[in-house]
Amino acid sequence: MQTIKAPADSRVKELAREGGSRREDAGGEGTGSRVQSEGNRRYHVRKVLFQKETAEFINSRRMILFVVLTALITVSGFYAAVSGLAEAIEGGNTATDFLFLKLFTVSANSIPSYNSLMALMGPFIGIFMGFDAINSERTEGTLNRLVSQPLYRDQIIISKFLAGLFISAVMVFASGLLIGSVGLIATGLIPSGEEVARLFIYLCFCVIYIGFWLAAAILFSTICRHAATSALACIAVWLFCAIFVSLLAGIIADALYPVNGNEMQAMMNEMKNYSCELNLNRISPYYLFAEAASTVLNPGVRAINAVTIAQLSGAISSNLTLGQSLLLVWPHLTGLAALMLVVFAISYVSFMRQEIRSR
Amino acid sequence: MENGNKTIRGRRILCDVNLELYGGTVYGFIGRNGSGKTMLFRALSGLIRLDSGTISLDGQVLHRDFSVLPSLGIVLENAGLYPDLTGLENLKYLARLTRRIGAGEIREAICRVGLDPDDRRAYGKYSLGMKQRLAIAQAIMETPDVIMLDEPTNALDETGVEDIRRIVLEERDRGALVLLASHNKEDIRVLSDYVLRIEKGYVSEAEVGG
């Protein structure tokens, strides 16, 4: 084991020192302050990365697809609402105090409501933004370049996530406000303060829901080598959550608490079966979002768990206040936010532990 | 680097590497494809971690006191710039992260490598040689203390090779530590003050030109 030492005379060391000090001097020019606190520097780097990520996404061709998808959700949802609103009122199955919110929940002519469309298609918005966040940079070699800069590596992945979340928030709020404003003109329904608050909370829900899928997409882009693989993996998870979880939940609940056969046993198991299926369904972010969103948008929803006839007897039929509706869906909101953060934390740790090399 | 070892997927990439390198010197690294030159650069820069051993700079240890070398210019096998941005935009973006230099220095660096800073073409439309030049401009624009160049004259025409050789020598004279990996013996002979051979992860001294 031999140590290879290069010759270093005093002239060379002197030159090295000069070079270093020249670089320090250059720092002030064109930048403003030379001495920056570590916190400021981190903030600055994050801001630059965030701006870059946002600008790159907005200028990309993918943005067109993204806008088309959001527009489809908006237009279809609005069309369904306008077509089905009168029918819903006449049917008497709606709380007439909150008609404005029906713009987001009413479906018609087999066109799903805005809320259903968001639950089903919203994940694609997150997936579009994050499925190649890390692996495309790795493939193009830009990650090499970026991490060889003197910056904290975690700022790269945090900025990507924040930029994605910001863009989805802009799109969701723009879409929600568009439906609200066009709905206001088309139907003449003026929203009450509570309706506006409920709509705002609902749109925040949408952002968190999409944020979960964005975090999942970034996770797959961190662990998969190719962008196509990570996109497929994301879609597979989406399919599983949207379709197969509910199928499996039914099968598992029936296996654990059978409701066929012996009438007595079936009666006893009915409640347990329902609760088991409901709880298993709630593993899926899709179900969590759909349940929470319909509760927030419909004040007439008074319970989200199984309710017995005994519990119903004597209950006064009225709408819930915003606070009470929020109490019902608070576990959903925190659960969804926690899911988003946990998935992002996994991708964060995975990214930080990875070595930057060609594969 | 002290007792540097690195194994990837069961293959030893660096074996007990001990190196002491100084500023104001060009170190030429030679070796076959896959001998570990690029991995050595990645390890020295902080892009990958050693399995065992330490890398230190002026008494500070890599991955303990800092995650990548604080003043580093690096060109690896892939230039790694953003294809949709122009050359100037690419360099401006990277310079904004560190805030060490302004637009003047960036333009000067682009001119030094023989490119036009006002070229409005996106980087993706550049020829291979132009991409290589721009990568080198990025590596030198902040006058870093350490410069690592992996095959810097690949894809360059004769003028380009001369430009890059001149730049390497200028950077050395400025006091920078330059690590140069190349299969081009002439580059190694003309530029290197000290030549090291890498073979199956082992580093040994070699003759200039050999």
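Residues numbered from 1 in each chain as written. Chains lettered and ligands numbered in written order. Predicted model: local features only at pLDDT ≥ 70, side-chain atom pairs only at ≥ 80, totals over all residues. Heavy atoms only, no water.

With respect to the packing of helix 10 (residues 227-256) of chain A against helix 11 (residues 263-281) of chain A
Residue and element names in this part refer to chain A.
Line of reasoning, step 1. The N-to-C vectors of helix 10 and helix 11 enclose an angle of 150°; their axes lie 8 Å apart at closest approach. Considering their axes alone, helix 10 and helix 11 lie roughly antiparallel with respect to each other. Handedness of the helix 10/helix 11 crossing: right-handed. Residues V245, S246, A249, G250, I252, A253, D254 and L256 of helix 10 form the contact with helix 11, whose participating residues are N273, C276, E277, L280 and N281.
Line of reasoning, step 2. A breakdown of the residues in the contact of helix 10 with helix 11 according to their chemical character gives seven nonpolar, four polar and two charged. (Axes fitted to C-alpha atoms, helices over the stretch in contact; angles between N-to-C directions. Helix = DSSP H or I, 4+ residues; strand = E, 2+ residues; numbered from the N terminus. Parallel < 35°, antiparallel > 145°, perpendicular 65-115°, else oblique. Left-handed = near helix turned anticlockwise from the far one by under 90°. Contact = heavy atoms within 4.5 Å. Nonpolar A, V, L, I, M, F, W, Y, C, P; charged D, E, K, R; others polar.)

Examining the packing of aromatic side chains
Line of reasoning, step 1. All chains considered together, the criterion is met by 18 aromatic pairs over all chains.
Line of reasoning, step 2. Each ring, one from A:F57 and one from A:F66, has its centre 5.3 Å from the other, and the planes form 90°; the classification is edge-to-face.
Line of reasoning, step 3. Assessed through its relative accessible area of 0%, A:F66 is described here as buried.
Line of reasoning, step 4. Three or more aromatic residues link up through ring pairs in this structure, and these residues are A:F100, A:F104, A:Y114, A:Y202, A:Y209 and A:F289.
Line of reasoning, step 5. If you follow A:K52 out to its NZ or CZ, it ends over the ring of B:Y82, 3.7 Å from the centre.
Line of reasoning, step 6. If you follow B:K131 out to its NZ or CZ, it ends over the ring of B:Y123, 5.6 Å from the centre. (Phe/Tyr/Trp six-rings, centres within 6.5 Å; stacked < 30°, edge-to-face > 60°. Buried < 20%, exposed > 50% of the residue type's maximum accessible area, 1.4 Å probe, protein only. Lys NZ or Arg CZ within 6 Å of the ring centre and 35° of its normal.)

Some remarks on the side chain of A:E195
Residues and elements named next belong to chain A.
Line of reasoning, step 1. Positionally, E195 belongs in helix 9 (residues 193-223).
Line of reasoning, step 2. Among buried Asp, Glu, Lys and Arg side chains, E195 stands out as unpaired, with R198 the closest opposite charge at 8.0 Å.
Line of reasoning, step 3. There is a polar contact of 3.0 Å between the side chain of E195 and the backbone nitrogen of F100. (Lys, Arg positive; Asp, Glu negative; His and termini not counted. Salt bridge = Lys/Arg side-chain N within 4 Å of Asp/Glu carboxyl O. Polar contact = N/O pair within 3.5 Å; in protein donor to acceptor, adjacent residues only side chain to side chain.)

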